[in-house]
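Breakdown of the fold
Below are the chains, spelled out letter by letter.
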Amino acid sequence: MSGTKIDGRAYAQGLRERITKAVAGLPKQPTLAVVLVGEDPASQVYVASKAKFTVECGMRSLEHKLPADASEDDVVALVRSLNEDPECDGILVQLPLPKGLNSDRVIAEIHPDKDVDGLTETSAGRLSLGKPGLRPCTPTGCVMLAKDALGDLSGKHCVVLGRSILVGKPAALLFLEQNCTVTIAHSRTKDLPAVCREADILVPAVGRPQMVKAEWIKPGACVIDVGINRVDSIKNPGKTRLVGDVDYLPSKKVAGSITPVPGGVGPMTIACLLRNTVIAACMRRGWDSPEILDF
Ligand code: NDP
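This report concerns the structure included in the present document. Remember, predicted model here, so these are calculated numbers, not experimental data. (Residues numbered from 1 in each chain as written. Predicted model: local features only at pLDDT ≥ 70, side-chain atom pairs only at ≥ 80, totals over all residues. Heavy atoms only, no water.)

**Some thoughts on the packing of helix 1 (residues 8–24) against helix 6 (residues 137–150)**
The geometry of helix 1 relative to helix 6 is characterised by a closest axis approach of 11 Å and an angle of 105° between their N-to-C directions. Viewed along their axes, helix 1 and helix 6 adopt a mutual orientation that is roughly perpendicular. Contacts between helix 1 and helix 6 involve Gly8, Tyr11 and Leu15 on the former and, on the latter, Met144, Leu145 and Asp148. Among the residues forming the contact of helix 1 with helix 6, the class breakdown is four nonpolar, one polar and one charged. (Axes fitted to C-alpha atoms, helices over the stretch in contact; angles between N-to-C directions. Helix = DSSP H or I, 4+ residues; strand = E, 2+ residues; numbered from the N terminus. Parallel < 35°, antiparallel > 145°, perpendicular 65-115°, else oblique. Contact = heavy atoms within 4.5 Å. Nonpolar A, V, L, I, M, F, W, Y, C, P; charged D, E, K, R; others polar.)

**Regarding the site of the ligand**
Around the ligand, the structure places 20 residues, and the nearest of them are Arg163, Ser164, Ser187, Arg208 and Thr269. A distance of 2.8 Å is found between a nitrogen atom of the ligand and a side-chain nitrogen or oxygen belonging to Arg208. A distance of 2.8 Å separates a nitrogen atom of the ligand from a polar side-chain atom of Thr269. With the chains in place, 70% of the 930 Å² that the ligand exposes on its own is no longer accessible. Across the shell around the ligand, the residue classes tally to eight nonpolar, ten polar and two charged. (Near = heavy atom within 4 Å. Polar contact = N/O pair within 3.5 Å; in protein donor to acceptor, adjacent residues only side chain to side chain. Areas by Shrake-Rupley, 256 points an atom, 1.4 Å probe, with all protein chains shown as cover.)

**Section: the pattern of salt bridges**
On inspection of all chains with the given rule, the structure shows eleven salt bridges. For Glu56, the salt bridge is made with Lys52, and the minimal N-O distance between the two is 3.7 Å. Of the two residues, Glu56 and Lys52 are both situated in helix 2 (residues 41–56); the distance of four residues between them amounts to about one turn of the helix. Relative accessible area serves as the criterion here: at 46%, Lys52 is assigned to the partly exposed category. Glu63 is paired through a salt bridge with Lys65; the nearest N and O atoms lie 3.8 Å apart. Each of the salt bridges in this network shares a partner with another, and the network as a whole consists of Glu72, Asp73 and Arg105. (Salt bridge = Lys/Arg side-chain N within 4 Å of Asp/Glu carboxyl O. Buried < 20%, exposed > 50% of the residue type's maximum accessible area, 1.4 Å probe, protein only.)

**Some details on the sheet that holds strand 4 (residues 90–93)**
One open sheet accounts for three strands, arranged 3-2-4; its pairing is parallel. Across the chains shown, the open sheet's two edge strands, defined by having one partner strand only, are strand 3 (60–66) and strand 4. The sheet shows a mean angle of 20° between the axes of neighbouring strands, direction not considered. Direction of pairing for strand 2 (residues 31–37) relative to strand 4: parallel, over a ladder of four bridges. Looking across to strand 4, one finds that Ala33 is bridged to Ile91. Docked against the sheet, helix 3 (residues 72–84) engages strand 2, strand 3 and strand 4, running at close to 160° with respect to strand 3. (Pairing = 2+ DSSP bridges.)

**Brief notes about the sheet that holds strand 11 (residues 257–258)**
Sheet architecture is open: six strands sit in the order 1-11-8-7-5-6, paired in parallel fashion. Since the sheet does not close on itself, it has two edges, and those belong to strand 1 (4–5) and strand 6 (181–185), each with one partner. By the bridge criterion, two bridges tie strand 1 to strand 11 in an arrangement that is parallel. Bridge pairing in strand 11 places Lys5 opposite Ile258.

**Let's talk about the packing of aromatic side chains**
Applying the stated criterion to the full structure yields zero aromatic pairs. Above the ring of Phe53, the side-chain terminus of Lys52 is found at 4.3 Å from the ring centroid. (Phe/Tyr/Trp six-rings, centres within 6.5 Å; stacked < 30°, edge-to-face > 60°. Lys NZ or Arg CZ within 6 Å of the ring centre and 35° of its normal.)

**Some points on the environment of Gly3**
Here Gly3 shows up in the segment before strand 1. What makes Gly3 buried here is its relative accessible area of 7%. If near-sequence neighbours (up to four positions away) are discounted, Gly3 is found in contact with Lys252, Ala255 and Gly256.

**Quick notes on unusual backbone geometry**
In this structure, the amide linkage connecting Leu95 to the following residue, Pro96, adopts the cis form with an omega of 0°. Tracing the backbone through its elements, the reader meets Pro96 in the loop between strand 4 and helix 4 (103–109). Cis geometry marks the peptide bond from Val261 to Pro262, where omega comes out at 0°. In this model, Asn179 sits at a positive phi of 65°, which is unusual for a non-glycine residue. Its location among the elements puts Asn179 in the loop between helix 7 (168–177) and strand 6. Residue Asn179 is classed as exposed on the basis of its relative accessible area, which comes to 52%. With a phi angle near 50°, Asp191 is a residue other than glycine that sits in the positive phi range. Of note, Asp191 is situated in the loop between strand 6 and helix 8 (192–197).

In short, shape yes, function no, at least from these values alone.
Structure representation (structure tokens):
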């Protein structure tokens, strides 16, 4: 018997449809501002894709492009002007910034009410204190997919593999918020396979291609693979392909449900960013947050 494939693309599309409905019911269109510094090709693709989906969901997208040689003060000045702009509901600074620019300083300038990436210290503090706030996008997407696969997560043992600020730590706190019993494993964890085998929900966020083997997975567990790794293709020499942190095909035979890479957690990140933009607009403008966006 084989586990169910968790279709992140389909879930993200459904979420975008809910966002579109929610936006249509708001008194005014929310606006997302995206700041892109430099000409990194991957960042350009991400920004274009964010803008496209923002508009598709009925919101306004503002793109602010600064040259690669922009100074840190230039970027900070732009963020400050967006903080002041009453029409701007969400600010996203596309990372990584060009070498020499301190992304911590730039992120710290984003007003917490407009922090749709959930990366400021205030957002992290609110998450850690269990107070309402804007939650990081990829970890929120992980919880949504796990809830969709399993229903109520209460009491389930969730093992998060990785403790980064961007993914691992917030994912652990978000699963805790769902009343899971949470273990955070990392590079110093002893006997990682044994720790992973304890998991009802396993969330690898490591960045090591196919590190998690089928033998590490408890039969029937839900596996939410955050890893995105580019490796050489065996079928097409000279080409590359994307794989997750999990050895997918053998693991699918053991897991109860599992996300593929690509097509699992990846598509959830932008959908959750759009959801955060609606939530930010509602919080700041004093509108009721649409229930249709709950999960
Ligand atoms: P980081 O490199 O910041 O963190 C990796 C974490 O994995 C660290 O906490 C590290 O532990 C841990 N780790 C590294 N090696 C091992 C090991 N051998 N055994 C156990 N733990 C280990 O990565 P990110 O959190 O930013 O990203 C993780 C993955 O998720 C990447 O593949 C990235 O591409 C992907 N990603 C996907 C997104 C999406 O789907 N949209 C968004 C963001 C990230 P320690 O702290 O001890 O060093």
